[in-house]
Amino acid sequence: MQDIHRHRILILDFGSQYTQLIARRIREIGVFCEIYPWDVTEQEIRDFAPRGIILSGAPQVVFELNIPLLGICYGLHTMAAQLGGAVSPSDEKEFGYAQVRLEQSCALTAGLTDAAADAAEASLDVWMSHGDKVTSLPEGFELIGATDSAPVTIIADEARHWYGLQFHPEVTHTKQGGVLLERFVVDICGCEKLWTAANIVEDSIARTRAQVGDDPVLLGLSGGVDSSVVAALLHRAIGDRLVCIFVDTGLLRLHEGDQVMATFAEHMGVNVVRVNARERFLEALAGAEDPELKRKIIGNLFIEIFEEQAQLLRESYGQIRWLAQGTIYPDVIESAGSRTGKAHVIKSHHNVGGLPERMNMGLVEPLRELFKDEVRRLGVTLGLPAEMVYRHPFPGPGLGVRILGEVREAYLEPLQRADHIFISELRKHDLYDEVSQAFVVFLPVKSVGVVGDQRRYEYVVALRAVQTVDFMTARWAPLPHEFLDTVSRRIINEIDGISRVVYDVSGKPPATIEWE
C-alpha cells in the first residue's frame, strides 16, 4: 500500500488567524500537511522531513534545510528580517482587497493575471491583512510584485526556491490563490496528490488493524458527524469487534435516536447498544438553571452511564483495551499550546471526558489528522447518508442548552416538534444548505395570544439561523419573510402550548450562536 504521508508540507505557525485555512487549502490540493508551532525544535523539523515549508513565521533553522520555502504575510516579514532585509511599520495599513502589480515573472506567478485583456500591465486581485511592510530585499531575492502602500508584495529567490507573499493566497478573495499554492506545493516542492478521501480510508483501515490486532474496540456513538464517520470507518476495519454505545439522553432532536439506530444497526450492520436514559437525565437536571451547571450534569451522567455499559460489555468481550474517539485535527491543534509554554492554550479537548485515564484504555483516533470538511468527505466515501454527513452542528448537551433555564419534560416535546418543523421547511424550500446552522430555542416565558375566539397565554420559541465559514463569527441568515411566516404559522397551529414565534437577528459577535 502506498504511503499517503510521504509527500508532506510543514506549516510553521506564529499565531496567524489564517494558519488552519492554509492547511485546509493544501489538503484540498491533495497533499498532506501539518501545523507545527513556531518554537518547534530543529530535530522535529528534520524528523518530519517536509518537501517544503510554508511560513506564517519562522525559526532560523528553516533556512538551513535547503528545501523550498513560502513565507505568507508575517512569514514574509520574518524571512526578510532574518535574511538581511528590513521590515518597518507602514503608514498605510492594508486590510482587505488590493491589486498587486506584477513587475516580472517567477515560478509562482508565470502567466497569471487578473487584469483586463487590454490592460497595460499584469496584476493580481488579492486579500491583504497587515500593518508592517518589507522596505528592503534580502540578498538573492528579486521583486516580483508591489502595491502603492506595500512596495514589496511578492519576492522570489528562484535559485533556492524561496518565495514571499505579503497577501493571503489561502482566502477565496485572492482569485489566483489556489493556483499559487498548488504551484508551490506540486510544481516547486514536487509533492504528489496522494491525500484523497479514498486513500485516507484505505490508510486508516490499515493503521487501525495494525494498532488493535484482534481486540474489540468500544465507541461512544452520539450520532454526530465525527462519531458516525469513526463508526463507519472502524466497522469496515474490524467488523463485529466494534461495539458502539449510544446513550439516548432524551435531549436529542425529534426521532433522532431511532434514526441513529436505523442507520447503523439496521442498515450498516454495526453493533450498537442503545441506552434509553431520558428519565435519568431529566431527574438529574431538575432544578438546574445555570447553563454551565447543566453542561456538567449532562456530561458527568453520560460518563457514568457509559462506564456502566462498558462494565457490562466486559462480561461478553473480556477486558476491553481500546476506546475509539472522534478527535479531529483542530482539537489537537487547539489543545497543544506551545511546546515551550510561551503560547496560550486555546482550549482543551477531551471528547469522552477523561474516560481513557479512568478506564485504562488505549485510544483509537482515526480522524485526528483530519479537518471537519475532510471528515465529511470521508463520510460520503464510506457510504453514510448525505443528510447525516452534512447536517448542521448539534451541541453535545443537545436540547438541554436550547431550553433556557431549567429543563422540564413539558418543554421537550414542543421544542422537538418546533425544531422539526423549522428544519423540514428549510429542506422543503431548498434553504437548509444556504445556512450553516439552524434551530429553535424554547423560552420559558408566556405571552398572550388569540386563537379563534379564545385567549391563549402560552410559551414563546425563537428561531435561529446563521451563515458562517468558521463559526468564530457569524451573521444572522436573511431568510425570506414568506418562509418565516410559513414556519411561524405551522408551529403555532400544530403545537399546543406555543403562542408566539420570534426570529433572532443577532450576529456573532456580540451574541453567540447558541443561546446558552
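Structure's up top.
The shown structure was predicted, so the numbers you read here are calculated from the model rather than taken from an experiment.

What counts and how
Residues numbered from 1 in each chain as written. Predicted model: local features only at pLDDT ≥ 70, side-chain atom pairs only at ≥ 80, totals over all residues. Heavy atoms only, no water. Buried < 20%, exposed > 50% of the residue type's maximum accessible area, 1.4 Å probe, protein only. Helix = DSSP H or I, 4+ residues; strand = E, 2+ residues; numbered from the N terminus. Contact = heavy atoms within 4.5 Å. Salt bridge = Lys/Arg side-chain N within 4 Å of Asp/Glu carboxyl O. Pairing = 2+ DSSP bridges. Axes fitted to C-alpha atoms, helices over the stretch in contact; angles between N-to-C directions. Phe/Tyr/Trp six-rings, centres within 6.5 Å; stacked < 30°, edge-to-face > 60°. Lys NZ or Arg CZ within 6 Å of the ring centre and 35° of its normal. Left-handed = near helix turned anticlockwise from the far one by under 90°. Nonpolar A, V, L, I, M, F, W, Y, C, P; charged D, E, K, R; others polar.

Enquirer: Help me understand helix α3 (residues 74-82), please; the structure alone is not making it clear to me.
Expert: The periodicity of an α-helix, 3.6 residues per turn, causes residues three or four positions apart to be oriented the same way. All of the buried residues in α3 are Gly75, Leu76, His77, Thr78, Met79 and Ala80. Buried residues in α3 make contact with β3 (52-55), β4 (69-72), β5 (86-102), β6 (123-136), β8 (154-157) and β9 (162-165).

Enquirer: Can you walk me through the pattern of salt bridges in this structure?
Expert: For side chains bearing opposite charge, pairing can occur when the charged atoms are close. If you walk through the whole model with that rule in mind, you get 31 salt bridges. As a salt-bridge pair, Lys175 and Asp125 come within 3.1 Å of each other at their nearest N and O atoms. In this pair, Lys175 sits in the loop between β9 and α4 (177-188) while Asp125 sits in strand β6, placing the two residues 50 residues apart along the sequence. On the accessibility criterion, Lys175 (58% relative accessible area) is exposed. On the basis of relative accessible area, Asp125 is assigned to the buried category, the value being 7%. Asp157 is the salt-bridge partner of Arg160, the closest N and O atoms lying 2.6 Å from each other.

Enquirer: What is the right way to look at the sheet that holds β3 in this model?
Expert: Within a sheet, adjacent strands bond to each other through the backbone by hydrogen bonds, running parallel or antiparallel. Ordered by their spatial adjacency, nine strands build an open sheet running β2-β1-β3-β4-β9-β8-β7-β5-β6, and the pairing between neighbours is mixed. The open sheet is flanked by β2 (32-37) and β6, the only strands paired with a single partner. Here the strands of the sheet are splayed against their neighbours by 20 degrees on average, with no regard to which way each runs. In this structure, strand β1 (residues 8-13) lies alongside β3, joined through four bridges in parallel fashion. Along β3, the bridge assignment pairs Ile9 with Gly52. Along the sheet, α3 makes contact with β3, β4, β5, β6, β8 and β9, crossing β4 at roughly 115 degrees. The strands that α4 touches are β1, β3, β4 and β9; relative to β4, the one it contacts most, it runs at about 165 degrees.

Enquirer: Before we go on, may I ask you to explain the packing of aromatic side chains in this structure?
Expert: Given two aromatic rings, their pairing is described by the distance between the two centres and the angle made by the two planes. Evaluation of the coordinates by the stated rule reveals 10 aromatic pairs. Geometrically, the ring pair formed by Phe302 and Phe306 is stacked, given 6.1 Å between the ring centres and 25 degrees between the ring planes. Of this pair, Phe302 and Phe306 both sit in helix α9 (residues 291-317), four residues apart, which is roughly one turn of that helix. Phe306 sits in the buried class, given a relative accessible area of 0%. Ring plane angle 70 degrees and centroid distance 5.5 Å describe the contact between Tyr411 and Tyr459, whose orientation is recorded as edge-to-face. Remark: Tyr459 occurs in strand β16 (residues 454-467) and Tyr411 occurs in helix α14 (residues 409-428); sequence separation between them is 48 residues. An aromatic cluster of three or more residues is present, and its members are Tyr411, Phe442 and Tyr459. Taking the ring centre of Phe48 as reference, the NZ or CZ of Arg8 above it sits at 4.6 Å. Directly above the aromatic system of Tyr432 lies the positively charged group of Arg427, at a separation of 3.8 Å from the ring centroid.

Enquirer: How should the pairing of β1 be read in this particular structure?
Expert: Here is the key point about a regular strand: its side chains alternate between the two faces of the sheet. In terms of burial, β1 is a largely internal element, six of the six residues being buried. Neither face of β1 is left uncovered, since the one carrying Arg8, Leu10 and Leu12 and the one carrying Ile9, Ile11 and Asp13 both have all their residues buried. Relative to β2, β1 is paired through six bridges, and the arrangement is parallel. Looking at the pairing, Leu10 lines up with Glu34 of β2.

Enquirer: Before we go on, may I ask you to explain the packing of helix α8 (residues 278-285) against α9 in this structure?
Expert: Angle between the axes and distance between the axes are the two parameters that describe a pair of packed helices. Two numbers describe how α8 lies on α9: the axes approach to 10 Å, and their chain directions differ by 145 degrees. Regarding α8 and α9, the two cross each other, and that crossing is right-handed. When α8 is examined against α9, the residues Arg280, Phe281, Ala284 and Leu285 are found in contact with a partner set consisting of Lys294, Ile297, Ile298, Leu301, Phe302, Glu304, Ile305 and Glu308. In terms of residue class, the contact of α8 with α9 is built from eight nonpolar, no polar and four charged.

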